[in-house]
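Remarks on the overall topology
Chain residues, written in single-letter form:
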Amino acid sequence: MTGDRPPTRHIVVMGVSGSGKTTVAKGVAALTGLAFAEADEFHSEANVTRMRAGVPLDDDARWPWLRALAGWMTARHREGVSTVLACSALKRSYRDLLREGPPGVEFVHLDGPTEVIRERMSLRAGHYMPASLLDSQTATLEPLWPDERGIVLDLQLSTEALVAAAVERLGLPVIRVPSGVPAAPES
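Residues numbered from 1 in each chain as written. Predicted model: local features only at pLDDT ≥ 70, side-chain atom pairs only at ≥ 80, totals over all residues. Heavy atoms only, no water.

1. Some words on helix H3 (residues 59–78)
In a regular helix each residue adds 1.5 Å, so 20 residues correspond to 28 Å; H3 covers 28 Å between its end C-alpha atoms and thus fits that length. Among the residues of H3, Ala-61, Arg-62, Trp-65, Leu-66, Leu-69, Ala-70, Trp-72, Met-73, Thr-74, Arg-76 and His-77 are the ones counted as buried. Close packing links the buried residues of H3 with strand S1 (10–14), strand S2 (35–38), helix H2 (45–52), strand S3 (83–86), helix H4 (92–99) and strand S4 (105–111). One or two steps after H3, the chain reaches Gly-80, where phi turns positive at roughly 80°. (Helix = DSSP H or I, 4+ residues; strand = E, 2+ residues; numbered from the N terminus. Expected span 1.5 Å × (residues − 1). Buried < 20%, exposed > 50% of the residue type's maximum accessible area, 1.4 Å probe, protein only. Contact = heavy atoms within 4.5 Å.)

Dropping the structure here:
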């Protein structure tokens, strides 16, 4: 990278399925201009078929997927583009692999009661991840370790509050004014 380019930032919005990762990551991207990706779109057809059938993925199925995600972030880093990725990143070892991509990957863990997540999952349509896999994901989840760069947010907050908290606590520059908020008058 050239010295003229500002450093890139790479944010992973993490948590179990139904925690709001995609919605929050898209909101962060909309406010900051970070390039957005949905990790689910990187799964192989075999992984999707397996999950649709209610079979949890094992680590062997996840490693190629996680490598592809790290590769996507690394490619954007080389282009000088900052990213925000919606990805479960349930285990420390998964997050370690993501950190092998670009430097300085940071995490936003959306955490909260399983009952709230289960209710959300029962209301969403068209997603291949059945609510039956929530218990498997919850059992697999390893919260951020003290030495991991990131923040934990209560998924029971409104989407707007979660997006605002993520942007503020990570110190991300806002380049777009959220809808419904009047622009500051020019001086």
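2. Here's the deal with the pattern of salt bridges
In this structure the tally under the stated criterion is 11 salt bridges. Ionic pairing is found between Arg-50 and Asp-58, a salt bridge with its closest N-O pair at 3.5 Å. On the basis of relative accessible area, Asp-58 is assigned to the partly exposed category, the value being 36%. A salt bridge links Asp-147 to Arg-92, with the nearest nitrogen and oxygen atoms 2.7 Å apart. You can see Asp-147 sitting in the loop between helix H6 (134–140) and strand S5 (150–154) and its partner Arg-92 sitting in helix H4, a full 55 residues away along the chain. By relative accessible area, Asp-147 is classed as exposed at 55%. Overlapping salt bridges bring together Arg-92, Arg-95, Asp-96, Arg-99, Asp-147 and Glu-148 as one network. (Salt bridge = Lys/Arg side-chain N within 4 Å of Asp/Glu carboxyl O.)

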